[in-house]
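Structural overview
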Amino acid sequence: MVPQPSARRDDPPRETGSPGSTVHLLALAMQNGAIGMYLADPADGRFLVVNPALEEFLGRSADDLRSCSGPDLTHPHDREAEARLLADLLAGHSPSYRLRKRFLQPDGTVVWGDLSVSTIRQETGGVQTLIGQVVDVTETVRSYRKLAETEDLHRFMAANAADVVFRASNQGITEWISASVEPFTGWTPADLIGRDFASFVHPDDLPTLRRGRERFLAGESARFELRVRCADGSYKWMAVAGAGRRDGTGRVVGRTGGWRDIDAEVRARLALAVSEERFRLAMEQGGVGMCMATPAGRFQEVNEALCRLLGRSADDLRRCTWQELTHPDDLAVDLGLARQVAEGHRSGYRLRKRFLRPNGTVVWGDLSVAGLRNDDGSLRAYVAQIVDVSDLIQAQQQAAVAALERNRILDNIPVAIVCATPDAAPTARALYINRCFEQTFGYTIEDLPTFQDWLQRAFAGEEARADFARRWFEALNHAREQQAGPGRSPWTASTATARRGRRRSAGWRSTAPWW
C-alpha cells in the first residue's frame, strides 16, 4: 500500500493507512513538506504521488506530473548520470543516491535541485517504490556561478595583469598566485604555491613582513616594501599591498593582495639618498662655502665655511636672501645670470663678486652656481660654492699699484726696456714696453704681443732672426744661471729695423727677474 496522490496543498490528506502507521506518517510528511517529495514507479520512473512543494518547484500540477516520468523532466545533460545511479540503486549496490541536477519546467526554464532517492522494498527484497526528495537550489547554483564567473574574471585579470596577484592562508602559505610572477622573479606559480612567502623574503625585511601579517590577521589592509628573492638568487624590491580575507561569518581565513615591481624606483631612491648624504657631508665638512637657495634666492642649506665667510650664523643666513648680501655694484650682473639659469638658458655660471658682512666690511668670493631641477625641468633650487678670494684680490690690487709705480720709474729711464714673460721660446709675451723703447723703435706693446712678432718686424732675413734669437736665449740662460742677485747677461750688439724701415743699432742685455 502507498499513499494516494494529492494535487493541492489545501486538500486534506487521504488517510490510506491506520493512524500512526508508516504510510500514514509518510503521507502527512509529503502533504505538508517544504521540499518537493514524490513516490515513483521503479519500472518506468513515472510519478505516483507528488506533493504541492514539488508541483510548485516543477511548475506543473499533480495530474500533469503523474503523466510524466523523472527522466522526462530531467535536463538531457544529466540523464545519463542519473540512470547509472538509479541502476546501482535498483540492483541493490547502494541504499540511496544523491545528485544535483537540472529539471525542466513547461516553458523550458531550467531549475536546479538537490535530489535524494531511496526505496521502499518488498519483503522479498525487490524495490516496490522510489521515494524522492528535491531541494530547490536554483538560486544557490546561480550565485555560485556568478561567483565562479567573477573568480574566473579575477583570475584572468590577475594572470594578465602587469602586477602580481596572490592569495595566501593565515599562516602565509601561498594558495594561488598569478602567472605574472614569472617575468618579475623567474619563479613559476608552481614554485611558490604551497610554500611560505617568508622563505623568499630578504632576512633584513622579515620584521617588515611580520608587521604586515599582523595587520592581515586582524582583517586590516597593509602596504609595505620588501625584497623578494628571485630564481637566480638576486633580490628585487616589491611593494606589497593586501588585506585579510573573511568568510561569511566574518572570521579572517586568509589574505589576498598583490606585488608591484619597484626595484628600479627603490634603487634610484637609495642612490639619491646616498647622493644627498654625500652632498650633506660635503657641505658640513667642506672648507669651501656651500649653500642651497630657493629660486627666489632664500638660503635653505648652508655650511659652516659659508657662515665664517659671511660672518653670520646658519639661522641668520636662512632668514636672508643672497640678493640682500650682494654688493649693490655686483647685483645686476648676478641677477641677470641667475635669471638665465632659472629660464633654462644656461645650466650654471661663475662670477667673482663682493658680499657684505654684518659689520659693513666687504669680502670677495669666487662664486660658482648650478641649477637643480625638478622632473618637469623647472628650477628647484640653486646650488652654489663660494671661495674666499679676498686675499687674492688684495694682492692683485697691490700688484697693480706696484706695476703703476714701476712703469712710472721705467718710463723715465733713457734706455729702451721690454718686460716679457721668461719663456725660452718665441712665444714669450711682452708685458710692458717703456716710453724710450717706443720712441726709439716706434713700436707699442700692441704691435709686439710676442717675441716672435718682434723678430718678424725687427729682422728682415731668416738668418738674422735665428742669430738674434740664439744670442737672446743664450743671454737669458746666462742670467738665470747666476746665483747672487738679479742675473744679467753681457751686452751684445745688433742692428734692428724700426717702424717705417729705419735702422737702429743697439746693445742688448737680458736680465733675469728676482721677484
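Just so it is clear, the structure is predicted and the values come from calculations on it, not from any experiment.

Considering the nonpolar core
Counting residues in hydrophobic clusters, the biggest one holds 25 residues, and the most contacted among them are Phe 299, Val 302, Leu 306, Leu 310, Leu 317 and Tyr 349. Elements represented by at least two residues in this core include exactly strand S11 (289–293), strand S12 (299–302), helix H10 (304–310), helix H12 (328–342), strand S13 (348–356), strand S14 (362–373) and strand S15 (379–388). Contact partners of Val 302, with chain neighbours within four places excluded, come to Met 283, Met 290, Cys 291, Cys 307, Ala 314 and Leu 317. The next biggest cluster of nonpolar side chains, apart from the first, holds 21 residues, and it includes Phe 166, Phe 197, Phe 216 and Trp 259.

Notes on the sheet that holds S14
Within a sheet, each strand pairs with its neighbour through backbone hydrogen bonds, oriented either parallel or antiparallel. What the 5 strands build is an open sheet, ordered S12-S11-S15-S14-S13; its pairing is antiparallel. Each end of this open sheet is capped by a strand with a single partner; those strands are S12 and S13. Within the sheet, the average angular offset between the axes of one strand and its neighbour, ignoring direction, is 30 degrees. Lying over the sheet, H12 contacts S13, S14 and S15, oriented at roughly 150 degrees with respect to S13.

Here's the deal with the packing of aromatic side chains
Counting across every chain of the model gives 7 aromatic pairs. For the ring pair Tyr 38 and Phe 47, a centre distance of 5.0 Å and an interplane angle of 90 degrees mean the geometry is edge-to-face. Comparing Tyr 38 with Phe 47 shows no difference in burial state: the two are buried.

What about helix H8 (residues 206–217)?
Its 12 residues give H8 an end-to-end C-alpha distance of 16 Å, which sits within 8% of 16 Å, the value for a rise of 1.5 Å per residue. Residues of H8 that are buried sit in contact with strand S8 (221–229), strand S9 (235–246) and strand S10 (252–261). Positive phi appears at Gly 219, one or two residues downstream of H8, with a value of about 80 degrees.

Rules used in this analysis
Residues numbered from 1 in each chain as written. Predicted model: local features only at pLDDT ≥ 70, side-chain atom pairs only at ≥ 80, totals over all residues. Heavy atoms only, no water. Core = buried A, V, L, I, M, F, W, Y, C linked by side-chain atoms within 4.5 Å. Buried < 20%, exposed > 50% of the residue type's maximum accessible area, 1.4 Å probe, protein only. Helix = DSSP H or I, 4+ residues; strand = E, 2+ residues; numbered from the N terminus. Contact = heavy atoms within 4.5 Å. Pairing = 2+ DSSP bridges. Axes fitted to C-alpha atoms, helices over the stretch in contact; angles between N-to-C directions. Phe/Tyr/Trp six-rings, centres within 6.5 Å; stacked < 30°, edge-to-face > 60°. Expected span 1.5 Å × (residues − 1).

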